[in-house]
Amino acid sequence: MSVNLTIQLKRASKVYHEGETIAGVVVIDSNSDVRHEGLTLTMEGCVNLQLNTKNVGILDAFSSNIKPLNLINTCIELVPPGKIPTGITEIPFEMPLRARQAVSPGYPGLLETYHGVFVNIMYILKCSMKRSFLNKPLNVTCQFFVQYQQQEPPPLKPVRCEITPSTIRASSSGSSRASMPHFQIYAEIDTTVCPLDKPITGKIRVDECSVPIKSIELQLVRVETCTVLFSRDATEIQNIQIGEGDVCRSRDIPLYMVLPRLFTCPTTTTVNFKIEFELNIAVIFEDDYLVTENFPILLLRSR
């Protein structure tokens, strides 16, 4: 006997907002009649936190036992105990997407779906078919995505700066700064308050440089903080090369970066964790000397 369970959502994008109804069908494909002890559908949403062993040590990472933060957990009965006939059977369902009513201290409500390195926010539908004690229950899951409602666009907050040896923090005493090549670079970010559905734009211009340039890159970085043991980790999301080789002097090079879905979300601060983002402009000289300018950015879900 072969039985297959699948969950199909009516919305192809699988993107939902709080207050909407998640609708779809559970499809049961069987080559013979199937007796069961009931079908249930569970909606789960949680935040999984992981500590970096480089920051807190291996023993602390395993002994702290950070439990997932539950955001939503709703269960409904689709079909009472009985028999499913041979062939393909479709069972429709509807479940409202609402945050838990009985909130505990520090409960953040529904958060946007986010796939990070040390912080993950996920939402799934899980269908379970209970069977007799001689047969294992059948389970199938389907991930869906939660987004905030779009808000009015915020005012622009442009940033302009000049990058020179005097503005760069030297890693050691005067010898390190003295070994820097002479350069003067102008950078501009159109706004550091960035809607998630729009690209980050700006420009960079090399006015002077005493040595050849190898590459100019634009880096998007996530900064994930777990406040349980104050583990703060910055990891790169994506890196775009905007200039290759010894670029022309005194000529604007446009900056343009589309924010990746799932790996970014609105800047989030809760009692248990924080998700923040930064933008780095990196200039790599021919001798692999690296100069980086950092811009903290605020991501929002706006029009």
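Given the structure is predicted, the values throughout are model-derived calculations rather than measurements.

### Considerations on the overall build of the protein chain
Step number 1: Along its length, the protein chain carries three helices and 21 strands.
Step number 2: A compact globule built from 303 residues would reach a C-alpha radius of gyration of about 19 Å, whereas the protein chain, at 26 Å, exceeds it by more than 25%.
Step number 3: C-alpha extents for the protein chain along the principal axes are approximately 80 × 40 × 40 Å.
Step number 4: Restricting the contact set of the protein chain to residue pairs at least 6 apart, pairs at least 24 apart contribute 72%.
Step number 5: Of the charged side chains in the protein chain, 29 are positive and 31 negative; the average position of the first set lies 7 Å away from that of the second.

### Topic: the pattern of salt bridges
Step number 1: Inspection of every chain in the model, using the stated rule, returns 10 salt bridges.
Step number 2: Within the structure, one salt-bridge network assembled from shared partners comprises K203, R205, D207 and D252.

### Things to note about the environment of L39
Step number 1: Within the element layout of this structure, L39 appears in strand β5 (residues 39-49).
Step number 2: Measuring from C-alpha to C-alpha, the distance between L39 and S13 comes to 26 Å, with 26 residues separating the pair along the chain.
Step number 3: Ignoring sequence-local partners within four residues, the contact set of L39 consists of I28, I76, E77, L78, V79, I91, C127, S128 and M129.

### Topic: the packing of aromatic side chains
Step number 1: Tallied over the full model, the rule gives five aromatic pairs.
Step number 2: Ring centres of Y123 and F144 lie 5.8 Å apart, and the angle between their planes is 40°; this geometry places the pair in the tilted category. With Y123 in strand β10 (residues 119-129) and F144 in strand β11 (residues 138-146), this pair connects stretches of sequence that are 21 residues apart.
Step number 3: Since its relative accessible area comes to 0%, Y123 is described here as buried.
Step number 4: Consider the rings of F183 and F285, whose centres lie 5.6 Å apart with planes at 40°: the pair is tilted. Of the two residues, F183 sits in strand β13 (residues 183-189) while F285 sits in strand β20 (residues 273-285), which places them 102 residues apart along the sequence.

### Observations regarding the confidence of the model for the protein chain
A low pLDDT score tells you not to read the predicted coordinates there in detail.
Step number 1: A residue-level look at the protein chain finds 91% of positions with pLDDT of 70 or above and a mean pLDDT of 89.
Step number 2: Between residues 171-175, whose pLDDT stays under 50, and residues either more than four places distant or in other chains, the model counts one contact.

### A short note on the sheet that holds strand β12 (residues 159-163)
Whether parallel or antiparallel, the strands of a sheet pair through hydrogen bonds between backbone atoms.
Step number 1: Here four strands make up an open sheet; going across it, the order is β12-β13-β15-β18 and the pairing antiparallel. Pairing within the sheet leaves two strands with one partner each, and these edge strands are β12 and β18 (252-257). Recorded for the sheet is a direction-independent mean angle of 20° between the axes of neighbouring strands.
Step number 2: One ladder, built from seven bridges, connects β13 with strand β15 (residues 200-209); its direction is antiparallel. Directly across from I189, in β15, lies its bridge partner G202.

How each quantity is defined
Residues numbered from 1 in each chain as written. Predicted model: local features only at pLDDT ≥ 70, side-chain atom pairs only at ≥ 80, totals over all residues. Heavy atoms only, no water. Helix = DSSP H or I, 4+ residues; strand = E, 2+ residues; numbered from the N terminus. Rg over C-alpha atoms; globule rule 2.2 N^0.38 Å. Contact = heavy atoms within 4.5 Å. Lys, Arg positive; Asp, Glu negative; His and termini not counted. Charge placed at Lys NZ, Arg CZ, Asp CG, Glu CD. Salt bridge = Lys/Arg side-chain N within 4 Å of Asp/Glu carboxyl O. Phe/Tyr/Trp six-rings, centres within 6.5 Å; stacked < 30°, edge-to-face > 60°. Buried < 20%, exposed > 50% of the residue type's maximum accessible area, 1.4 Å probe, protein only. pLDDT = per-residue confidence, 0-100. Pairing = 2+ DSSP bridges. Axes fitted to C-alpha atoms, helices over the stretch in contact; angles between N-to-C directions.

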